[in-house]
Amino acid sequence: MNDKCPICNGIGFIMTNKDGYEYAKPCECTLKKNMLERLKLSGINPEILEKQTFDAFTVRDKYQQKMKDTALRFCEQEENRFFYIGGQVGCGKTHLCTAILKKFYDKAYPFRYVVYGSMISELKALSNMHEDYTKLMSGLCEVKVLYVDDFLKGAIKDGRVNDVDIKHLFTLINSRYISRKITIISSEYWLSEVTNFDEAIGSRIKQMCGGFSMEIGRDKARNYRLKKGNEHE
């Protein structure tokens, strides 16, 4: 990333006029810097945004081409606000979701990346601390772009999601459903399975996805982490 922004000349803000008043507002470079800081806190190296792009996604099979084409089309439209991809481990789901995230980062859209297990654990830990819980949940609900990785990982027992997870998850998904906020979800579970676990959550995701949900067939041959080169980590 270039340290000296051509828009603000490196000062971090620009002057704008509204209703006859001049005021300073953060430049795109400041917004992007803040987003990268959040990414670091989430445990992801910001360099991944530069590496896991659409151009870097290797297509060897028809299903991979469909994955890539669907993800690209999602970035080029505004009607459907959710993107969901579930199924085979190691097939490139996270790579493509990160590539989508990069597209919105380039537009200076505020975003957050969270791993489902860590997100739910933090919400549970704060459930008796109203102010802290509200701050965390509000941030997740209100951010312009949210990417939830490993959706429902560790949450399924005896074919159902535990009630505590459902409580927090419904609040999040329903809020983003109502406000039509951009939400990217990757999971080992197909969306049809999520709907079976909890119809209220699954049906909301399905409706907001429209044609932008994919179910990748489970086949260990599609796990590229097991292949030489780890193409789609």
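Bear in mind that the values here come from a model prediction, so they are computed numbers and not experimental data.

Peer 1: Can you lay out the sheet that holds strand β5 (residues 145-149) for me, pointing to particular residues and giving the numbers?
Peer 2: One open sheet holds the five strands; their spatial order is β4-β5-β8-β3-β9, and the pairing between them is parallel. Every interior strand has two partners, whereas the edge strands, β4 (111-115) and β9 (213-216), have only one. Ignoring strand direction, the axes of neighbouring strands in this sheet form an average angle of 5°. Here helix α5 (residues 116-125) sits on the sheet in contact with β4 and β5, set at roughly 90° to β4.

Peer 1: Lay out unusual backbone geometry with the relevant residues and their values.
Peer 2: In the Ramachandran plot, A108 falls in the positive-phi region, its phi being about 65° despite a non-glycine side chain. Here L152, not a glycine, exhibits a phi torsion of approximately 65°, which is positive. Residue position: L152 is located in the loop between β5 and β6 (156-157). On the accessibility criterion, L152 (1% relative accessible area) is buried.

Peer 1: Could you give me a rundown of the packing of aromatic side chains, with the residues and numbers involved?
Peer 2: Overall, the coordinates contain nine aromatic pairs when judged by the stated rule. Ring centres of Y105 and F111 lie 6.3 Å apart, and the angle between their planes is 75°; this geometry places the pair in the edge-to-face category. According to the relative accessible area criterion, F111 is buried, its value standing at 1%. These aromatic residues form a ring-pair network of at least three members: F74, F83, F104, Y109 and F212. The aromatic ring of Y177 is capped on one face by R204, whose charged end is 5.5 Å from the ring centroid.

Cut-offs used in this document
Residues numbered from 1 in each chain as written. Predicted model: local features only at pLDDT ≥ 70, side-chain atom pairs only at ≥ 80, totals over all residues. Heavy atoms only, no water. Pairing = 2+ DSSP bridges. Helix = DSSP H or I, 4+ residues; strand = E, 2+ residues; numbered from the N terminus. Axes fitted to C-alpha atoms, helices over the stretch in contact; angles between N-to-C directions. Contact = heavy atoms within 4.5 Å. Buried < 20%, exposed > 50% of the residue type's maximum accessible area, 1.4 Å probe, protein only. Phe/Tyr/Trp six-rings, centres within 6.5 Å; stacked < 30°, edge-to-face > 60°. Lys NZ or Arg CZ within 6 Å of the ring centre and 35° of its normal.

This is a description of form; function is not addressed.
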